Amino acid sequence: MSTLKAVRGTRDLLPSETALWNRIEATARAVFARYNFGEIRTPVFEDTALFARGVGEETDIVSKEMYTWEDRARAQSEKTQSLTLRPENTAGVVRAYIEHQLGETGQLQKLYYIGPQFRRERPQKGRYRQFSQIGAEVIGPTSAGSESPLRDAEVLEMLATLLDEMGITGWTLELNSVGSAADRARYNEALRAALAPVVDKMCVDCQRRAVTNPLRVLDCKVAADQPIIDTLPVISDSLDEASRVHFAAVTAALDAAGVAYTRNHRLVRGLDYYTRTTFEFTHGGLGAQNALLGGGRYDGLSEMLGGPRAPGIGFAMGEDRLVLTLQALEAAHAPKADAFIAPLGEGLNPAALALAKELRRAGLRVELGEGGFRLKKSFEAADKTARRIVIMGEDELQSGILTVKDFATGLQTKVPRAELAVFLSKPAGE
Ligand code: AMP
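What you see is a predicted model, and the numbers here were worked out from it, not measured in a lab.

So, the overall build of the protein chain
Helix and strand content of the protein chain: 15 helices and 16 strands. In summary, the protein chain has a C-alpha radius of gyration of 28 Å against a globular reference of 22 Å for 430 residues, an excess of more than 25%. Taken over the C-alpha atoms alone, the protein chain extends approximately 85 × 55 × 50 Å along its principal axes. Looking at the protein chain as a whole, 48% of its 430 residues are labelled buried. Considering only residue pairs separated by 6 or more positions, the protein chain has 69% of its internal contacts joining residues 24 or more positions apart.

Dropping the structure here:
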């Protein structure tokens with residue numbers, strides 16, 4: 001019988017990894033509490049119509065990535081219904097806001113969630129079909145100040161604090177404004193006009209987007225299209241006075257709080273419901289999937305779902321990517337042994353042990369290899385665990401001159417045994 005495996009794009013997290021996941025979640029909960037957010041847990045599956053309306057039929061998520069099925073009626077009183085595993089959590093949170101009439105309180109609702117999301121994407125490092133998001137939403141009636149640019153800046157400052165407290169260094173905040181629905185319509189027209197004479201030179205996806213939703217052309221990753229995209233108008237030129245003032249107030253508050261950002265005119269985000277502020281935090285250590293988190297303002301979403309006017313702003317961070325980033329940062333800072341001693345053949349094991357004892361007694365951190373290993377295997381093990389490798393062969397034993405290779409510089413040096421401890425105690429690369 002063939003053995004069963006976890007489905008493509010899904011993973012088991014074993015105890016060696018769950019410790020880090022729990023640490024990340026504990027830090028997130030602690031920071032959210034200080035900013036006075038409360039936790040919300042919405043169902044993992046919802047009516048398909050929620051995502052079709054709340055995320056947008058035109059998006060990649062809804063058009064090709066959702067896990068959707070017809071759920072058969074179990075009783076006469078039930079109807080067969082189209083259900084979908086949630087691909088994101090904002091639509092579910094806003095549905096719950098409407099369903100429980102949270103706006104009636106007159107207060108801003110500050111809600112966070114942690115949980116699995118599902119998208120049928122092409123799996124690769126940092127991109128899975130089941131992944132976990134940590135997210136938060138600030139939503140409420142206009143009278144509660146939900147449209148205020150201070151809310152945007154507060155959420156961004158909270159994110160900077162959250163990443164710092166998680167130990168994620170070296171992130172970049174990219175910021176933009178996509179304006180109001182009217183601004184976007186105006187910008188779409190400007191893009192359509194600018195694209196008309198050049199679009200036949202672009203990829204097939206862009207040719208389709210130029211007709212259906214020109215804004216999406218800015219998301220194109222095809223290298224040959226980039227010089228053309230660079231010549232297109234930028235959305236900041238299409239913003240009306242109110243949107244400009246709003247964005248200026250967001251950046252002024254960020255400056256006051258000392259949160260660094262860069263303006264990215266092409267950041268329009270993949271989801272239809274965004275208005276005004278959009279943002280992404282990226283990290284260089286992640287490779288192709290470099291987005292740690294994304295978010296923005298969605299002033300019209302509640303109404304799109306049949307609810308009252310309830311402007312809001314929120315974000316979703318990819319927990320899997322936080323884990324990858326922290327693992328890479330920790331690996332880079334993990335202490336390495338001063339030396340790895342590689343005996344050349346089993347017969348030299350005793351001599352290698354004697355040398356290791358000598359160096360350890362001199363206060364060095366030493367890893368002892370195994371003479372039964374081939375030299376290549378010893379080098380690989382040494383490279384992972386130590387800054388230098390010391391070769392202990394028959395010649396070295398007789399002459400008392402050892403060969404030391406420094407992994408940082410690639411330099412190979414002959415060192416007399418009596419000077420070895422002093423040589424190895426120098427920092428790597430010297
Ligand atoms: P989005 O909901 O598309 O704005 O994504 C928000 C964040 O969730 C991204 O910045 C990623 O960190 C993470 N994310 C989105 N899709 C995936 C995926 N398929 N696998 C892992 N993380 C993801």
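Let's talk about the nonpolar core
In terms of nonpolar packing, the biggest core is built from 45 residues, with Phe 32, Phe 279, Phe 281 and Phe 315 touching the most fellow members. Tallying contributions element by element places helix H5 (residues 149-166) first for this core, with nine residues. Not counting residues within four places of it along the chain, the set of residues in contact with Phe 281 comprises Leu 156, Leu 159, Ala 160, Leu 163, Trp 171, Thr 172, Leu 173, Asn 290, Ala 291, Leu 292 and Leu 293. If you look at the next biggest cluster of nonpolar residues, it comprises 35 residues, including Ala 210, Leu 215, Leu 239 and Tyr 274.

Remarks on the pattern of salt bridges
All chains considered together, the criterion is met by 23 salt bridges. Between Arg 297 and Asp 152 there is a salt bridge, with the nearest N and O atoms lying 2.7 Å from each other. Residue Arg 297 is found in strand S10 (residues 291-297), and its partner Asp 152 is found in helix H5; the two are separated by 145 residues along the sequence. When sorted by exposure, Arg 297 lands in the same class as Asp 152, which is buried. Here Glu 358 ties to Arg 417 by a salt bridge, and the two come within 2.9 Å at their closest N and O atoms. With Glu 358 in helix H12 (residues 349-361) and Arg 417 in the loop between strand S16 (412-416) and helix H15 (420-424), the pair connects residues that are 59 residues apart, well separated along the chain. Residues joined in a network through salt bridges with shared partners are Arg 29, Glu 39 and Arg 41.

Examining the domain arrangement of the protein chain
When the parts of a complex come together, some accessible area is lost, and that lost area is often taken as the interface size. When the domains of the protein chain are assigned, the result is domain 1 (15-170 + 261-331) and domain 2 (336-425). Here the C-alpha centroids of domain 1 and domain 2 sit 51 Å apart.

Here's the deal with the sheet that holds strand S6 (residues 130-139)
The strand order across the open sheet built from eight strands is S1-S5-S6-S11-S10-S9-S7-S8, with neighbouring strands paired in mixed fashion. Two strands in the sheet have a free side with no partner beyond their single neighbour: strand S1 (38-39) and strand S8 (262-263). In the sheet, strand S9 (residues 275-283) pairs with S10 via six bridges, with the strands oriented antiparallel. When the sheet's bridge partners are listed, Glu 280 is paired in S10 with Gly 294. Helix-sheet contacts for helix H1 (residues 15-34) involve S1, strand S5 (109-118), S6 and strand S11 (312-318), and the interaxial angle to S6 is about 5°.

Some points on helix H2 (residues 48-56)
With respect to burial, H2 is a largely interior element, seven of its nine residues being buried. Looking at the packing, one finds that the buried side of H2 touches strand S2 (45-47), helix H3 (60-65), strand S3 (68-71), strand S4 (81-85), helix H4 (90-99) and helix H10 (301-304). Here H2 starts with a cap whose side-chain oxygen sits 3.0 Å from the backbone nitrogen of Ala 49, and that cap is Asp 47.

Rules of the game
Residues numbered from 1 in each chain as written. Predicted model: local features only at pLDDT ≥ 70, side-chain atom pairs only at ≥ 80, totals over all residues. Heavy atoms only, no water. Helix = DSSP H or I, 4+ residues; strand = E, 2+ residues; numbered from the N terminus. Rg over C-alpha atoms; globule rule 2.2 N^0.38 Å. Buried < 20%, exposed > 50% of the residue type's maximum accessible area, 1.4 Å probe, protein only. Contact = heavy atoms within 4.5 Å. Core = buried A, V, L, I, M, F, W, Y, C linked by side-chain atoms within 4.5 Å. Salt bridge = Lys/Arg side-chain N within 4 Å of Asp/Glu carboxyl O. Domains from an automatic or database assignment. Pairing = 2+ DSSP bridges. Axes fitted to C-alpha atoms, helices over the stretch in contact; angles between N-to-C directions. Polar contact = N/O pair within 3.5 Å; in protein donor to acceptor, adjacent residues only side chain to side chain.

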